[in-house]
Amino acid sequence: MICSTISTATRSYGSSQEILMSLFRRLCLFCLPLLTLMFAYGRAFGQSDPDEIAQVLGEEILAPGVALHQIKSYILSRAAPPPAARNAQQWTEEAKRLRQHLLHDVVFHGWPDEWVNSQPKFEDMGVIETGQGYRLRKLRYEIVPGFQSVAILYEPEKPLGKLPAILNVNGHVGPLGKAIEYKQKRCINFAKHGILALNLEWFFFGELRQEGNQHWYGAHLDLVGANALGIFLLEMRRGLDYLYNHPSVDPNRVGVTGLSGGGWQTILLGSLGERVKVAVPVAGYSSMATKVEARKYGDLGDIEQNGTDLLAGLDYTHLTAMMAPRPTLLIYDAEDDCCFRAPLVKPLVYDSVKPFFKLYGREDVFQWYENRDPGTHNYQLNNRERAYRFFSGQFGLPPIEKEVPVGQEIKRYDELVVGLPKDNLTILGLARKLGKEITRRPVPLDSTSKSGWANEEREKLRSVVRYKPVQLTRVWTVANTKHRGVETLSYMFEMDNGLCVSGSWLKGIVTPEKTPVTIVLDDQGRKAAASYVTDRVNRDEQVLALDLTFFGDAWKENEPFSYAQILDGEGDRPLGLQAAQLLAIANWIRARAGAQKVRLESRGIRTQTIGLVAAALQPDLLSEVIVHEGMSSFDFLLQKPVTFDEAPELFCLDLYKDFDLPRLATIAAPAQVKLQSLVKNAPQKAPSQE
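Bear in mind the structure is a predicted one, so any value in this text is a computation, not a measurement.

Parameters and conventions
- Residues numbered from 1 in each chain as written.
- Predicted model: local features only at pLDDT ≥ 70, side-chain atom pairs only at ≥ 80, totals over all residues.
- Heavy atoms only, no water.
- Axes fitted to C-alpha atoms, helices over the stretch in contact; angles between N-to-C directions.
- Helix = DSSP H or I, 4+ residues; strand = E, 2+ residues; numbered from the N terminus.
- Parallel < 35°, antiparallel > 145°, perpendicular 65-115°, else oblique.
- Contact = heavy atoms within 4.5 Å.
- Nonpolar A, V, L, I, M, F, W, Y, C, P; charged D, E, K, R; others polar.
- Buried < 20%, exposed > 50% of the residue type's maximum accessible area, 1.4 Å probe, protein only.
- Salt bridge = Lys/Arg side-chain N within 4 Å of Asp/Glu carboxyl O.
- Polar contact = N/O pair within 3.5 Å; in protein donor to acceptor, adjacent residues only side chain to side chain.
- Core = buried A, V, L, I, M, F, W, Y, C linked by side-chain atoms within 4.5 Å.
- Pairing = 2+ DSSP bridges.
- Left-handed = near helix turned anticlockwise from the far one by under 90°.
- Disulfide = S-S within 2.5 Å.
- pLDDT = per-residue confidence, 0-100.

Draft legend 1. Spatial organisation of the packing of helix H2 (residues 50–57) against helix H17 (residues 530–537). It is at 8 Å that the axes of H2 and H17 come closest, and there the two elements cross at 110°. One element, H2, and the other, H17, form an angle in the roughly perpendicular class. On H17, the residues touching Pro 50, Ile 53, Ala 54 and Leu 57 of H2 are Ala 530, Ser 531, Val 533 and Thr 534. Classifying every residue of the contact of H2 with H17 gives six nonpolar, two polar and no charged.

Here is the structure:
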């Protein structure tokens, strides 16, 4: 019985096992094709993770050294050659034309006439009697309404007749500002020799050392439509106004001098205003060619020294020549450890300018001095004594050969404090104020008027961003991969202006060639866009991830903001340049893919703006513009504030004055613009529509 039971159980167990195995075999036969298809789909359509995609996107295409060489060549190809003139009358007329052009069209672009032409407003804030033959007078003055600065006037105790006067402007001298030792010594010596000396403060130094007065915030003035050069010229020109109107000053004997940034101020004041009769700029500027070619031994300058449009069609050679025939001494240092080395500077700002003084028969009043003691960036004793001799000679005074030792007479910083209002504006504060006052023509409601309005706005945008279309001269295919279901090609796009763009193209291996196209841009470079690229590849699209000029690894060590400001100075706009690159490549990929339109996806405020400008300029090209971590308004640049080095192309002269992001989106229609998420610290509100 037991054996029978076991036998029956065994037969029963064996039968069930056979049935299960049979079912399993049938299931496998049914599912194997499905599993194979799923596996093939996963491999063919790019089901790889962003880390794998990032490896392809991170491969070097454009070497940093090549990118730097290209932008330098581009800049130098636009640098103005030295001026030429046949006779004194011709140059006098040309200098007058340049002066009017720079003042009216460039420096004071966007500035209210009542500010530019207002009478100087100085307050006497007290006198320091020294008992050493001179006194110090504390002065406070208005730059523009709500924004004041300070100065110290060094004046002889017993002035005899009309006196010569010298405006002493500041360089970037740190916290001490006007109290810096070498500047005090110079002003005291001038006063002891019967010369009025006005010692100005300078933005972000001394009493003007507030965060909002950093010079790079001048870019925010550009953004709201007031050329940053205006505030810099007004601040120092007020000092010249004061001296020129002083009852004890001989207006025919007014000079200017300063070191470094003060040297730049000296040549700008002298070239743009004929009230400056004698100028001694010290290590303050060089030609465009010198500072770009010899970057290792120099300085590309701050935003005011490459002010927007200042160097469009002219150079510092022109500004120096505009001093002719007024006496000018150029002092440079043999081994300058900051900015401009004498032997490199001399050919274009001295040798090239001598013929202009010769036209007037005044070669003797245009002089050059190369300092070798200490030979570094300085306005120390050797340079000061050279300046004393030059000024005294040109002012008809007894020669000043040696400096009077005045070290015991130097004042402490706190002794020279004049005092500013607590609510005093800053450069950034002024930009915010002007930004709040912006008004624009409303968008028409009816479709016919709106279409005409959009065309007019598009033309205005072309002008604001200085848009110039570019052509692809060659598309270099430099690498490829084909594994884990994804194929890639690496491209270097060569433009007809000599600049190159890097790009990585990706799609699933079995994805059809004629498939939708997405271009991906990322503020951090195409490698950082791996997750967005992967997502679009997995949606059966072909993707082109781009690094435009000033983006990606090719620019991480090359100070893109420094070169961007020079492009602005030469009359270009990085924003227009980048938009032109994007449009050229988008048209290329559209034709290659046989697509009617291209989709654009960006991450970050820089690429957001480039994409919107491109869409507004060619609205029939992009189907939609998707923005991640963007901003709803350019006002974000003012309020955060975003600094120039973080997003140099966005600080485009007049951009926010004439447009905002919603307005650009309206002009870009029928392209659909979608702001998916806001950048960190952006106001959490939906963008308004214009």
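Draft legend 2. Structural detail: the side chain of Glu 409. Within the secondary structure, Glu 409 is located in the loop between helix H14 (381–394) and helix H15 (427–436). The exposure class of Glu 409 is buried, given its relative accessible area of 14%. With residues up to four places along the chain from it excluded, the contact list for Glu 409 reads Gln 132, Tyr 134, Ile 188 and Lys 192.

Draft legend 3. Examining the environment of Lys 527 more closely. With respect to the helices and strands, the residue Lys 527 is situated in the loop between strand E13 (517–522) and H17. Taking the C-alpha atoms as reference points, Lys 527 and Ile 53, 474 residues apart in sequence, are found 8.3 Å from one another. The contact partners of Lys 527, leaving out residues within four places of it in the chain, are Ala 54, Leu 57 and Gly 58.

Draft legend 4. Representation of the pattern of salt bridges. Following the criterion strictly, the structure yields 45 salt bridges and no others. Here Arg 135 and Glu 129 are joined by a salt bridge, their closest N and O atoms 3.4 Å apart. The partner of Glu 513 in a salt bridge is Lys 507, and the shortest N-O contact between them spans 3.9 Å. Lys 507 sits in the buried class, given a relative accessible area of 1%.

Draft legend 5. Region of the structure containing the side chain of Asn 371. Tracing the chain through its elements places Asn 371 in strand E9 (residues 366–371). Within the structure, Asn 371 has its side chain in polar contact with the backbone oxygen of Asp 373 (distance 3.0 Å). At 3.0 Å, the side chain of Asn 371 forms a polar contact with the backbone nitrogen of Gly 375. When sequence neighbours within four positions are dropped, the list of residues in contact with Asn 371 reads Tyr 332, Asp 333, Ala 334, Thr 376, Asn 378, Asn 382 and Asn 383.

Draft legend 6. Structural detail: the nonpolar core. Core analysis: the largest hydrophobic core is formed by 176 residues, its most contacted members being Trp 111, Ile 231, Leu 430, Ile 519 and Leu 546. Sort the elements by how many residues they give to this core and helix H19 (residues 574–593) lands first, with 11 residues. Beyond its immediate chain neighbours, meaning those up to four positions away, Ile 519 contacts Leu 544, Leu 546, Leu 582, Ala 586, Ile 589, Val 598, Arg 599, Leu 600 and Glu 601. With 36 residues, the next largest nonpolar core counts Ala 197, Leu 259, Ile 400 and Val 418 among its residues.

Draft legend 7. Region of interest: the sheet that holds E9. A sheet is described by the order of its strands in space; here nine strands give the open sequence E1-E2-E3-E5-E4-E6-E7-E8-E9, paired in mixed fashion. This sheet does not close on itself; its edge strands, each paired only once, are strand E1 (122–129) and E9. Ignoring which end each strand starts from, the neighbouring axes of this sheet average 20° apart. As paired elements, strand E3 (residues 147–156) and strand E5 (residues 196–200) share four bridges and run antiparallel to each other. Among the inter-strand pairings, Ile 152 is bridged to a residue of E5, identified as Asn 199. The strands touched by helix H8 (residues 229–245) within the sheet are E1, strand E2 (134–144), E3, strand E4 (163–168), E5 and strand E6 (249–259), with E2 carrying the most contacts at an inclination of about 135°.

Draft legend 8. Seen up close, the packing of H19 against helix H20 (residues 605–617). At their nearest, the axes of H19 and H20 sit 9 Å apart, and the two run at 65° to each other. The orientation of H19 with respect to H20, classified from their angle, is roughly perpendicular. The chirality of how H19 crosses H20 is right-handed. Contacts between H19 and H20 pair Leu 575, Gln 578, Ala 579, Leu 582 and Leu 583 from the former with Thr 609, Ile 610, Gly 611, Val 613, Ala 614 and Leu 617 from the latter.

Draft legend 9. Structural context of the pairing of strand E11 (residues 486–495). The buried fraction of E11 is high, at eight of 10 residues. Alignment of strand E10 (residues 472–483) against E11, held across 10 bridges, turns out to be antiparallel. If you follow Lys 482 over to E11, its bridge partner there is Glu 487. The antiparallel hairpin formed by E11 and strand E12 (residues 500–508) contains four residues in its connecting segment, where Gly 498 sits at a positive phi of about 90°.

Draft legend 10. Region of interest: the state of the cysteines. One pass over the full model with this rule turns up one disulfide. Disulfide pairing is shown between Cys 338 and Cys 339; the S-S distance is 2.1 Å. Accessibility expressed as a relative area gives 34% for Cys 338, which makes it partly exposed.

Draft legend 11. Highlighting unusual backbone geometry. Here the bond from Ala 324 into Pro 325 is cis, since omega is 5°, no more than 30 degrees from zero. Mapping Pro 325 onto the fold places it in the loop between helix H11 (316–321) and strand E8 (328–333). The omega angle of the peptide bond from Asp 373 to Pro 374 is 10°, so this bond is cis rather than trans. Following the sequence through the fold, Pro 374 ends up in the loop between E9 and H14. Residues other than glycine seldom take positive phi values, yet Phe 550 does so here, at roughly 80°. With respect to the element layout, Phe 550 can be found in the loop between strand E14 (542–547) and helix H18 (560–569). Non-glycine residue Asp 654 carries a positive phi angle of around 80°.

Draft legend 12. Geometry of the confidence of the model for the chain. Averaged over every residue, the pLDDT of the chain is 92; residues scoring 70 or more account for 92%. Throughout residues 1–17 the model reports pLDDT below 50, and contacts reaching past four residues in sequence, or to other chains, amount to zero contacts. Contacts of residues 23–46 to residues separated by more than four positions or lying in other chains number 22 contacts, the stretch itself having pLDDT below 50.

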